[in-house]
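# Tertiary structure, described
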Amino acid sequence: MAGTTYLEAGRRALIEEMERDGSVWALGEDLGRGGVFGQYRGLQEMFGDARIADTPISEACIMGAAVGAAMTGTRPVVEMRFSDFALCAVDELVNQAAKARFMFGGQMRVPLVVREPVGMWRSSAAQHSQSLEAWYAHIPGLVVVAPATPADNLGLLKSAIRCDDPVVYMEHKNLWGLEGQAPEGEHLVPLGQADIAREGRDLTLVTWSAMRHVSLLAAERLAGQGIEVEVIDLRTLWPWDREAVLASVEKTGRLLVAQEAVSVAGFGAEIAASVAEALHARLAAPVRRLGAPRIPIAYAPPLEDRARVSEDQIVEAVQGMIAPAPVS
Amino acid sequence: MNDSASGREAAAANLDPGRFLPVLALMWRIRSFEELAIESLREGLVLGAIHPSIGQEAVAAGICPNLWRTDLLLSTHRGHGHTLAKGADPLAMMLELFGRAGGTCGGKGGSMHIADFGVGMLGANGVVGANIPIGVGAAHALRLRRAGEVAVCIFGDGAVNRGPFLEGLNWARVFDLPVIFVCEDNGFSATTRTRSLTGGPGVVARAESLGLPAEAVDGNDVLAVDAAARAAIKATRRGEGPRLLHCRTYRITGHTAADQAPYRDASEVEEWRARCPIARLEAALRMAGVDQARLDETREAAQAGMREVRDRARAADWPDAAGAFADVQDVGDPAARAF
């Protein structure tokens, strides 16, 4: 194991896969300058400007070109800069990339990865802060990945690049500087496999992306109160690790989902409904979701914070589920 | 007779029947395929919507015979002609329109999603202009792989008012890609006249403003389309970068086969029928010494072949319903918990 950061792990993953497979290339805005966050730093010098391609600010064409290039024998890694900007390329991703293999009867595949940095970060306001993973999880044909740790950013990005399906790969902007350990040798994390970030017997807390870290802080505090929370980081939202979640809730009898995204019609609803359908009789408390209210994300910190799920909120929610308040 | 008309006659007198009789046969196959598809739609055998290209055959037949089998072609919702011209099997195409087993896409795509990657036909597309970035990407991959092929991306006049047109042409110029854009201009953006919706002097000027050489040709004259396409493909294959052809033509049917097109006069349609690209090629071949019997044989053989295709499609089986769950994606169970 070696110390690294979330950003550096993603950079290493791309380098390793480009060295391993000559058909892998990356395209996006400002990649020659290292990308907007430095995650492509030095790569154009290493691989040349054909394989680390600087593109016009043409999101639809970036994504569409990647679809055409993926259909014809290359493996593009698309950089969208901010997930919010990928909305300029939704036709190319949803109508084209996700459906091409199916609607053309399996004649080819679309092995592309679209990196979409998500989440709240330094007062970035309404058009640079969103978490829209549920949109993509809804679309047949897409894989949706949201890594939370440096090791997972390494292992999942490598798996995503090797995957023959189009993968929406959502790195969290607030995690770029996160330090952690990653294996020094080849490290692949399978798509669709959750990580039990903390074991516990009393309640299952399902989360992903940056909310993993808030959840772990809350679980630590709750442990001090004698409440043992099992924290499951899904890591991949489609396909999500249903078996791991159901096994955990079988054991604990309680499910809380914590997500950064707007709670209404968020991916947490899918988990809550699935658990309620499968394990209703086993539940010691109603399932609960924590997520953002249905407001755009604001600029000023006190306003921005209203969209955040806090450690305190998680602690309170868990306490309420363990010892429900008596009906008055 | 003006100079250009006499020039055309001279060109026609010199044309090589050995090259253009097969082009005539192709145009008749396209025409007949679509007439039978419309008939079959009325019988309830072809499903969904189809967008015929009757009257526009010279574009497909002028361009595609100049391509290698391994060259790439991107088409539109009005793509039967392009697909046939690129070499797709008409039976597999008709089966696809009928939604039957053995269709080009196994019955999953229908008319608007016909594709045959085996002949470099990377798909019709149900979204106007969406094939432009995809075509550009296919050309980008050709460049990355240092392949000698070119990509041809055909779109309608409606597409030039979409953002991907600007983004795609600019991209092709910036990366100097081996792609030829073809604007197959039938004058209508669905059911509204494109000229009432389009600012500026048009598609040629738009392409030129982005640095692409562009040329307008009579899209109902297969000899003119052929000559322009040959030159464009040759230049692009030589490494001279992207270019655009503007082929002005006309759609004899409505937007879809069900559209009666009340938004135009019958006299206008008749005027364009008189410029039928197939009749014009026949006239040119007669002038080059081909006798009428040979022309009739060519038409009859094409029509008989397409009728056989239609009859076989009628008799074909539906696809296995389990196919609805196949080829969705590798990762994750597509049948997941829907019921």
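In this text, all values refer to a predicted model and were calculated from it rather than measured experimentally.

What follows concerns the nonpolar core. Counting residues in each nonpolar core, the largest one holds 207 residues, and the members touching the most others are Ala-138 and Val-182 of chain B. Among the elements that make up this core, the one with the highest residue count is helix H2 (residues 17-42) of chain B (11 residues). Mapping this core onto the domain boundaries places at least three of its residues in each of domain 1 (2-182) and domain 2 (195-322) of chain A. Setting aside its immediate chain neighbours within four residues, Val-182 of chain B contacts Val-59, Ile-63, Val-152, Cys-153, Ile-154, Leu-245 and Cys-247 of chain B.

With that settled, the discussion passes to the environment of Leu-177 of chain B. Residue and element names in this part refer to chain B. With respect to the secondary-structure elements, Leu-177 resides in the loop between helix H7 (163-174) and strand E3 (179-185). Through-space distance from the C-alpha of Leu-177 to that of Trp-272 is 35 Å; in sequence the pair is 95 residues apart. If we skip the residues at most four places from it in the chain, Leu-177 touches Val-136, Ala-139, His-140, Arg-143, Ala-172 and Pro-242.

Further remarks concern the UniProt feature "domain: Dehydrogenase E1 component" (unreviewed entry) in chain B. Taking the numbering used here, the UniProt-annotated feature "domain: Dehydrogenase E1 component" (unreviewed entry) corresponds to residues 28-316 of chain B. Between the end C-alpha atoms of residues 28-316 of chain B the distance is 24 Å, and the span holds 46% helix and 11% strand.

Moving on, we get to helix H5 (residues 90-98) of chain B. All names here are of chain B. Within H5, 8 of the 9 residues are buried, which leaves it mostly tucked inside the rest of the structure. All of the buried residues along H5 are Pro-90, Ala-92, Met-93, Met-94, Leu-95, Glu-96, Leu-97 and Phe-98. Each element contacted by the buried residues of H5 is listed here: H2, helix H4 (80-86) and helix H12 (292-315). Of the residues trailing H5, Gly-99 is marked for its positive phi of about 70°.

A few words now on the interface of chain A and chain B. Counting from both sides, the interface comprises 39 residues of chain A and, opposite them, 40 residues of chain B. Counting residues per element, the ones that place at least two in the side of chain A that touches chain B are helix H3 (59-71) and helix H4 (90-103) of chain A. With 9 residues, the top contributor of residues to the side of chain A that touches chain B is H3 of chain A. When its residues are assigned to classes, the side of chain A that touches chain B shows 20 nonpolar, 14 polar and 5 charged.

A few words now on the sheet that holds strand E2 (residues 151-156) of chain B. Residue and element names in this part refer to chain B. The sheet built from 5 strands is open, its strands ordered E1-E2-E3-E7-E6 with parallel pairing. The open sheet is flanked by strand E1 (72-74) and strand E6 (214-218), the only strands paired with a single partner. Averaged over all neighbouring strand pairs, the angle between strand axes comes to 20°, with direction disregarded. Of the strand pairs in this sheet, E1 and E2 are connected by 3 bridges, and their pairing is parallel. Residue pairing across strands places Leu-73 opposite Val-152, the latter belonging to E2. Against the sheet, helix H9 (residues 222-240) contacts E3, E6 and strand E7 (243-248), and its axis sits at roughly 170° relative to E7.

Residue and element names in this part refer to chain A. One open sheet accounts for 7 strands, arranged E3-E2-E4-E5-E7-E6-E12; its pairing is mixed. A strand with exactly one partner marks an edge of an open sheet, and here the two such strands are strand E3 (52-54) and strand E12 (236-238). Taking the axes of each pair of neighbouring strands and ignoring which way they run, one obtains an average angle of 20° across the sheet. Pairing geometry for strand E5 (residues 113-115) and strand E7 (residues 167-169), over 3 bridges, is parallel. Bridge pairing links Val-113 to Val-167 in E7. Packed on one face of the sheet, helix H6 (residues 150-162) meets strand E2 (24-28), strand E4 (75-79), E5, strand E6 (143-145) and E7 and runs near 155° to E7.

The rules behind these values
Residues numbered from 1 in each chain as written. Chains lettered and ligands numbered in written order. Predicted model: local features only at pLDDT ≥ 70, side-chain atom pairs only at ≥ 80, totals over all residues. Core = buried A, V, L, I, M, F, W, Y, C linked by C-beta atoms within 7 Å. Buried ≥ 20, exposed ≤ 12 C-beta atoms within 10 Å, placed from the backbone. Helix = DSSP H or I, 4+ residues; strand = E, 2+ residues; numbered from the N terminus. Domains from an automatic or database assignment. Contact = placed C-beta atoms within 7 Å. UniProt positions renumbered as here; feature names shortened; annotations may be inferred. Nonpolar A, V, L, I, M, F, W, Y, C, P; charged D, E, K, R; others polar. Pairing = 2+ DSSP bridges. Axes fitted to C-alpha atoms, helices over the stretch in contact; angles between N-to-C directions.

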